[in-house]
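# Per-entry structural report
Spelled out, the chains give:
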Amino acid sequence: MSKATLNYAQEQDKKDRLATYRTQFHIPKDQNGNDWLYFTGNSLGLQPKSTKQYIQQELDDWANFGVEGHFEAKNPWMPYHEFLTESMATIVGAKPIEVVISNTLTTNLHLLMVSFYQPTTRKYKIVIESDAFPSDRYAVQTQLEFHGFDVNDGLIEWKPREGEELLRIEDLETILDEEGDSIALLLIGGVNYYTGQYLDIKKIAQLGHAKNCMVGIDLAHGAGNIQPKLHDSGVDFAAWCTYKYLNSGPGSLAGLFVHEKHAHNKKLKRFAGWWSHNKSTRFNMRQPLDVIPGAEGWQLSNPPILSMAAIKASLDMFNTVGMDALRKKSEQLTGYFEFLLNQLDTENIKIITPSNPKERGCQLSIQVKSADKDLHKKLTAAHIITDWREPDVIRCAPVPLYNSFEDVYRMVEKLKEILNEK
Ligand SMILES: *Cc1c(COP(=O)(O)O)cnc(C)c1O
């Protein structure tokens, strides 16, 4: 059977052992009741049907117990974040002491830089990717300024070469060879939000550490998508949101990783709150700050339980599926998507994401020649939800938990139809 047929795509769905998970999500529908083709799980993951019950449980316990819910709730609110730690740690390949769900992503980046960006007059520069997500760039710029440095001098961009889209590790090596003595921190997106390139974070950590730099990774596009093995990678810290591939709802809380080697270092500077403090004496209220070892020591406030409940709903599902199975399907699904795109008889589009499955997650970024945004508009009008990024890229993420081979097939058919209209 030819692979480029609806039949073949449907056969793949029948063989797919994860196919039933799609039924556990709310898939938005058009006016005729047909599912949208939703490819923006890299921006906001879809809602698991179970989320409502998880949140309802906390609403009921709040109604029934008021403040006593901190101890009396079915899932007591006091230690609620602890119910998430183990699953979250497994997903990113960390030890439980290294991970906590707390705050939001950009907040975590700042809190972690307070601890791990300790510039001196000679060693103060920060390296980011030239296509870093704007929030990360603003965070880094304002950290430099906060410490009294000039951004033009202090911010170093790791850029793709002229005429290329992807980053080369050799070029980071060159930056470190030339300027390593003045660099204090590398803050790099593990999976680049724009190109979908999954960088070798272990190698980045080795290169950075060889020059005595701290190494932090933004995993917003990695968590729940690829398997970053954070502990083994040796990076000093990482942060990620949970509303993209981790399906926990708009603006939900974020994850934070601090490597075990820093877990017991009480001398690390930090911004603290009462949730950073020793749990057994927290409510004595009058103790001097006694920071919890490990990632929990970067919490500030008691967390919003309704949002935590949505995260629990999602992580419980991830726990059942397992990242190995998810990643296996993801490689097949994105591989199929790539195969179909490569069959298109057109010069007008080009996939800029690496073709090696080890260097990407599920997302493919498709460059549209002569920046024709119309293409994206027409896809959206057909309820094919993708993401347009200036100047000329459509980002499209087939998510293995709820996208099907048929979704991918139908998307490429529609793309072909639109391209042929011209
Ligand atoms: C999505 C994303 C963000 C968003 O930050 P919030 O603080 O959650 O609003 C930041 N950085 C990267 C790399 C992202 O992909």
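Residues numbered from 1 in each chain as written. Predicted model: local features only at pLDDT ≥ 70, side-chain atom pairs only at ≥ 80, totals over all residues. Heavy atoms only, no water.

## Comments concerning the site of the ligand
Test applied: Nearness is defined per residue: one heavy atom within 4 Å of the molecule or strand is enough. Polar contact is the term for a pair of N or O atoms within 3.5 Å; when the atoms are in protein, one must be able to donate a hydrogen and the other to accept it, and sequence-neighboring residues count only if both atoms are side-chain atoms. In these tables, accessible area is a Shrake-Rupley quantity obtained with a 1.4 Å probe, and a residue counts as shielded only by the protein chains included in the view. Amino acid classes used here: Ala, Val, Leu, Ile, Met, Phe, Trp, Tyr, Cys and Pro are nonpolar; Asp, Glu, Lys and Arg are charged; the rest, including Gly, are polar.
Contacts to the ligand come from L105, T106, F133, D136, D218, A220, H221, Y243 and K244. Between the ligand and the protein, one listed contact pairs an oxygen atom with a side-chain N or O atom of T106 at 2.6 Å. Here an oxygen atom of the ligand and a side-chain polar atom of H221 are 3.1 Å apart. In the complex, the protein chains occlude 82% of the 390 Å² of accessible area that the ligand would expose alone. Residues belonging to the shell around the ligand are distributed by class as follows: four nonpolar, two polar and three charged.

## Some points on the domain arrangement of the protein chain
Inclusion rule: Where each domain begins and ends is defined by an automated method or by a domain database. What makes two residues a contact is simply this: any of their non-hydrogen atoms within 4.5 Å. For any pair of parts, buried area is found by adding up, for both, the accessible area (1.4 Å probe) each one loses once the two are put together. We define a salt bridge as a side-chain nitrogen of Lys or Arg found within 4 Å of a carboxyl oxygen belonging to Asp or Glu. Numbered from the N terminus, helices here are DSSP runs of H or I no shorter than four residues, and strands are runs of E no shorter than two.
Assigned domains within the protein chain: domain 1 (6-35 + 322-421) and domain 2 (56-319). Taking only C-alpha atoms into account, the centre of domain 1 sits 29 Å from that of domain 2. On the domain 2 side, the residues contacting the 30 residues of domain 1 number 20 residues. Carbon and sulfur atoms make up 56% of the surface buried where domain 1 meets domain 2, a total of about 2000 Å² over both sides. Counting the contacts that link domain 1 with domain 2 gives one salt bridge. In this structure, K350 engages E165 in a salt bridge whose closest nitrogen and oxygen atoms are separated by 3.9 Å. The tally of links from domain 1 across to domain 2 stands at nine residue pairs in polar contact (both at pLDDT 80 or more). Elements that contribute at least two residues to the side of domain 1 that touches domain 2 include exactly α12 (323-343), β12 (364-368) and β15 (393-396). At four residues, α12 tops the list of elements feeding residues into the side of domain 1 that touches domain 2. Classifying every residue of the side of domain 1 that touches domain 2 by side-chain character gives 13 nonpolar, seven polar and 10 charged.

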